[in-house]
Amino acid sequence: MTDLFLVRHGETEWSRSGRHTGRTDVPLTEHGRAEARRLVPLVRSHRIAAALVSPLRRARETAELIGLPDARVDTDLVEWDYGGYEGVTTAEIQRTRPDWFLFTDGVTPGPPERPGESPEQVGERADRVLATADAAAADAEGAVVLVAHGHFLRVLTARRLGLSAAHGALFQLATGTLGRLGTEHGRPVIAEWNVRPGP
């Protein structure tokens, strides 16, 4: 089981305002670009076997800025499809659904091009990414870097640890940060989380 470095893309206007940003292809802010650049020393200090990136430009630009311009696009790394909640904040959703919680309740359906995903569906995608990452590491020595999105990487972390997708709720992940999933005594563990170098 290889080490996985999880990089959440830098800040966007929507992440700053708390809007659910699934498939909407918003760019990084200047602050988001600076967040990404600060991760370069952390990434360079490790041997990288492979890098995978979400197809969305906020993730692809982050990958380029951290020194991984040749990261392979993996469509399974896209963010949660928020369906009818795309672009909406949690506070706005809870005005009509006071007890709503993404990781257990999922989303309301959206238009045909954005139907929405359940936590279990996101977990299935995360499982595929984990299999792809482990296969990539088998062909080369070093860690695998995954550059993607907050909610998706939280679900992926839960799945790597043998937990349900809903347990992704336990792993808050800030923009422009790095996490490392490693092993201890042959079992998956969180080795580092929300790592961000100083200014």
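Residues numbered from 1 in each chain as written. Predicted model: local features only at pLDDT ≥ 70, side-chain atom pairs only at ≥ 80, totals over all residues. Heavy atoms only, no water.

(A) The overall build of the protein chain, seen in detail. Regarding its fold elements, the protein chain presents eight helices and six strands. Helices (α) and strands (β) of the protein chain occur, in sequence order from the N terminus, as β-α-α-α-β-α-β-α-α-α-β-α-β-β. By the compact-globule yardstick of 16 Å for 199 residues, the protein chain fits well, its C-alpha radius of gyration being 16 Å. The proportion of buried residues among the 199 residues of the protein chain is 49%. Counting contacts in the protein chain only where the partners sit at least 6 residues apart, residues at least 24 apart contribute 68% of the total. (Helix = DSSP H or I, 4+ residues; strand = E, 2+ residues; numbered from the N terminus. Rg over C-alpha atoms; globule rule 2.2 N^0.38 Å. Buried < 20%, exposed > 50% of the residue type's maximum accessible area, 1.4 Å probe, protein only. Contact = heavy atoms within 4.5 Å.)

(B) Looking closely at the side chain of H149. Mapping H149 onto the fold places it in the loop between strand 4 (143-148) and helix 8 (150-160). There is a polar contact of 3.5 Å between the side chain of H149 and the side chain of R58. Filtering out sequence-adjacent residues up to four positions away, H149 remains in contact with R8, H9, S54, L56, R58, A59, L77, V78 and E79. (Polar contact = N/O pair within 3.5 Å; in protein donor to acceptor, adjacent residues only side chain to side chain.)

(C) Broad picture of the sheet that holds strand 3 (residues 72-73). Spatially, six strands are ordered 3-2-4-1-5-6 in an open sheet, and the strand pairing comes out mixed. At either end of the open sheet lies a strand with only one pairing partner, and these are strand 3 and strand 6 (187-195). Two elements, strand 5 (residues 178-184) and strand 6, share six bridges in a ladder whose sense is antiparallel. By the bridge assignment for strand 6, G182 is matched with V189. Together, strand 1 (4-8), strand 2 (48-53), strand 3 and strand 4 form the strand contacts of helix 4 (residues 57-65), whose direction differs from that of strand 4 by roughly 135°. The sheet contacts of helix 8 involve strand 1, strand 4, strand 5 and strand 6, and relative to strand 1 the element is tilted by about 160°. (Pairing = 2+ DSSP bridges. Axes fitted to C-alpha atoms, helices over the stretch in contact; angles between N-to-C directions.)

(D) A look at helix 4. If you check which residues of helix 4 are buried, you get R58, A59, T62 and A63. For helix 4, the angular spread of the buried residues around the axis is 135°, confining them to a single face. Buried residues along helix 4 sit against strand 1, helix 2 (30-38), strand 2 and strand 4. Downstream of helix 4 by one or two residues, G67 has phi in the positive range, about 95°. (Arc of directions from axis to C-beta.)

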